[in-house]
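# Inside the fold
Each chain is listed here by its residues.
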Number of protein chains: 2
Amino acid sequence: MEKTTVSKATLGRLPEYLRTLRDLAPEDGTHISATAIAKKLSLGEVQVRKDLAAVSGAGKPKLGYEIGELIEEIEHFLGYDQLTPAILVGAGKLGKALLQYREFERYGVKISAAFDLNEKPIIIGEKTEVLPMSQLESFCRDGHIRLGIITVGEGSAQEVCDRMVGCGIEAIWNFAPCKLSVPSGVLLQNENLALSLAHLNNQLCNHN
Amino acid sequence: MEKTTVSKATLGRLPEYLRTLRDLAPEDGTHISATAIAKKLSLGEVQVRKDLAAVSGAGKPKLGYEIGELIEEIEHFLGYDQLTPAILVGAGKLGKALLQYREFERYGVKISAAFDLNEKPIIIGEKTEVLPMSQLESFCRDGHIRLGIITVGEGSAQEVCDRMVGCGIEAIWNFAPCKLSVPSGVLLQNENLALSLAHLNNQLCNHN
């Protein structure tokens, strides 16, 4: 089935459904009901039905979902069968932390390469290397890269963003603490870590 | 006035209001209307009134907000006059990136010290040093620390969380990709970076 856009909350639960389904033993049978899934995850039944409707057809009456099929559908939805390749620009501390973050692949994205304004290539561990910016265009073109992550400072973020757009990148995840302008049609998601912390601090200040 | 809990969206706009107000020239006068602020920031007037109501009294009819007073009120709300001290446990790449992130202070939080399960103290730059875990309790007690940031791996996150709670920490910002349990009364905010990226990827997959 066609992928649909789901809420962050649903997206966050999908790996949990997957883990639960994979943990089922053969003696649990071939099908599972929404009620049984809801119970295992301490979720509401309506919630489970709604979440799974985004990735799968409805379960069969009285039988529920065919387990193997549902596992495949969730894996497909999360992109396990075809990871989206992404590139990252800015191999400072945050960039390097993201490069080594293993959770991305569990959610369907793989950082294929990192680039840095520093023109010298940098080797990190065994897997990922940092390439000079002069190779950005050819790498993105050859790899059909559509997703870019910006972890450079505020001063060079817009320039990097423009180059990414020029390379055909259609979705940008920006960690630089500034507003970027992108052409209409390009998705931009700003990650303001300070804002998350401020939100927690704000709750703390109002806490007893 | 008492601090109130505001939405993340309002919180994110407060530094922008502050910048706008500070940029006003003396010839702009002593007061500014919600209409004028809204215009400068391309926001709706109702939005501006609502945001500012969280931090300030209402502006005076026909005059608007007294500029100096409003600046002070926003600064106070964001904690500029009294930064909340926080500690961080886990000085890996992500931890070090957060330690060097300057934006936190703009939103009222200062990371006072970092700790690592590795018992050797580590010096980073000039300002912040990484202390051994054996000093966690005394540091938190002496500094009246209420806010803790977890950047250790999944395997040790719950143990670190328990120690933080034992030290009197009341709000925890967790970057480890796992569920933590905290006693009721302790605020827990999970930061799942993979989920943010997955959300963008999900939109990208449905794009065009």
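Residues numbered from 1 in each chain as written. Chains lettered and ligands numbered in written order. Predicted model: local features only at pLDDT ≥ 70, side-chain atom pairs only at ≥ 80, totals over all residues. Heavy atoms only, no water.

## Details of the interface of chain A and chain B
As a reminder of what qualifies: Only heavy atoms matter for contacts: two residues are in contact if any of them lie within 4.5 Å across the pair. Here, a salt bridge means any Lys or Arg side-chain nitrogen found within 4 Å of an Asp or Glu carboxyl oxygen. Secondary structure elements follow DSSP: runs of H or I of four or more residues count as helices, runs of E of two or more count as strands, with numbering from the N terminus. Side-chain classes follow a simple rule in which Ala, Val, Leu, Ile, Met, Phe, Trp, Tyr, Cys and Pro form the nonpolar group, Asp, Glu, Lys and Arg form the charged group, and the remainder, Gly included, forms the polar group.
Tallying the contact residues gives 53 residues for chain A and 55 residues for chain B. For the interface between chain A and chain B, the tally reads 2 salt bridges. Looking at the side of chain A that touches chain B element by element, the count peaks at 13 residues for helix α9 (residues 193-205) of chain A. Tallied by class, the residues present in the side of chain A that touches chain B amount to 26 nonpolar, 17 polar and 10 charged.

## Thoughts on the state of the cysteines
Rule in force here: Disulfide: a pair of cysteine sulfur atoms within 2.5 Å of each other.
Applying the stated criterion across every chain, the model contains 0 disulfides over all chains. Distance from the sulfur of C167 of chain A, which forms no disulfide, to the nearest cysteine sulfur (C140 of chain A) is 4.3 Å.

## Points about the relation of the copies chain A and chain B
Two copies of a chain can be linked by a rotation about an axis combined with a shift along that same axis. Condition: Superposing copies: least-squares fit, C-alpha atoms only, residues required to have pLDDT of at least 70 in both.
For these two chains of identical sequence, chain A goes onto chain B by a turn of 180° and a shift of 0.0 Å along the axis, with RMSD 0.0 Å. Within this description, the copies of the chain are treated as partners about a two-fold rotation axis. The residues that chain A uses at the interface reappear at the interface of chain B in 100% of cases, marking a shared surface.

## Some words on the domain arrangement of chain A
The condition is simple: Marked domain ranges trace back to an automatic or database domain assignment.
Annotation of chain A at the domain level lists domain 1 (8-77) and domain 2 (84-197). Placing a centre on the C-alpha atoms of domain 1 of chain A and another on those of domain 2 of chain A gives a separation of 33 Å.

## Let's talk about the side chain of N202 of chain A
Quick note on the threshold: When accessible area is computed with a 1.4 Å probe and restricted to protein chains, residues below 20% of their type maximum are described as buried, those above 50% as exposed, and intermediate ones as partly exposed. Within 3.5 Å is the distance limit for a polar contact, defined as a pair of N or O atoms, with the added protein rule that one can donate a hydrogen and the other accept it, and that residues adjacent in sequence qualify only through two side-chain atoms.
As for its placement among the helices and strands, N202 of chain A is situated in helix α9. Judged by relative accessible area, which is 5%, N202 of chain A ranks as buried. In terms of polar contacts, N202 of chain A uses its side chain to reach the backbone amide nitrogen of V6 of chain B, at 2.9 Å. Residues contacting N202 of chain A, with those up to four places away along its chain left out, are T4, T5, V6, L11 and F77 of chain B.

## Here's the deal with unusual backbone geometry
Note: most residues except glycine have negative phi, and most peptide bonds are trans. Residue and element names in this part refer to chain A. Backbone geometry at S42 places phi at a positive 50°, although glycine is not the residue there. Assignment of secondary structure puts S42 in the loop between α2 (34-41) and α3 (45-53). With relative accessibility at 68%, the residue S42 sits in the exposed group.

## Remarks on the packing of aromatic side chains
Note the following rule: Only Phe, Tyr and Trp rings take part, Trp by its six-membered ring, and two of them pair if their centres are within 6.5 Å. Stacked means planes under 30 degrees apart, edge-to-face means over 60, and tilted covers everything else.
Tallied over the full model, the rule gives 8 aromatic pairs over all chains. Members of the aromatic cluster, joined through ring pairs, are Y101, F104, W173 and F175 of chain A.

## Considering a negative patch on the surface
Put simply, the test is: Two distance rules govern patches: like charges are joined within 9 Å, and nonpolar side chains (Val, Leu, Ile, Met, Phe, Trp, Tyr) within 5 Å, applied only to residues with over 30% relative accessible area and no salt bridge. All accessible areas in this document rest on Shrake-Rupley with a 1.4 Å probe, and a residue is counted as covered only by the protein chains that are shown. In summary, the charge assignment counts Lys and Arg as positive and Asp and Glu as negative, without counting His or the chain termini. To locate a charge, take atom NZ for lysine, CZ for arginine, CG for aspartate or CD for glutamate.
Together, E66, E69, E72 and D81 of chain A line one region of the surface with negative charge. In this structure, E66 of chain A sits in strand β2 (residues 65-66).

## Some words on the pattern of salt bridges
Under the defined criterion, the tally for this structure stands at 16 salt bridges over all chains. E170 of chain A is the salt-bridge partner of R146 of chain A, the closest N and O atoms lying 2.9 Å from each other. Of this pair, R146 of chain A sits in the loop between α7 (136-143) and β7 (147-150) while E170 of chain A is found in the loop between α8 (154-166) and β8 (171-174), placing the two residues 24 residues apart along the sequence. On the basis of relative accessible area, R146 of chain A is assigned to the partly exposed category, the value being 30%. The salt bridge involving E137 of chain B is made with R163 of chain B; its shortest N-O contact spans 3.0 Å. With E137 of chain B in helix α7 (residues 136-143) and R163 of chain B in helix α8 (residues 154-166), the pair connects residues that are 26 residues apart, well separated along the chain.

## A few points about the layout of surface pockets
Rule in force here: A 1.4 Å probe that fits but cannot get out identifies a cavity on a 1 Å grid over protein atoms alone, an open set with protein on both sides within 12 Å along at least five of seven lines counts as a pocket, and a residue lines either if it has an atom within 4 Å of a point. Grid points are joined across faces, edges and corners, and a volume is the space filled by probe spheres set on the points.
Here the largest pocket is characterised by a volume of approximately 1300 Å³. Contributing to the lining of the largest pocket are 48 residues, with K8 and E191 of chain A together with K8, E191 and S196 of chain B lying nearest its centre. Those elements that place two or more of their residues in the lining of the largest pocket are α1 (8-22), α6 (103-106), β9 (187-190) and α9 of chain A together with α1 (8-22), α6 (103-106), β9 (187-190) and α9 (193-205) of chain B. Taken together, the residues that form the lining of the largest pocket break down as 18 nonpolar, 12 polar and 18 charged.

## Focus on the environment of A114 of chain A
Residues and elements named next belong to chain A. With respect to the helices and strands, the residue A114 is situated in strand β4 (residues 109-116). According to the relative accessible area criterion, A114 is buried, its value standing at 0%. Along the chain, A114 and K179 lie 65 residues apart, while their C-alpha atoms are 22 Å from each other.

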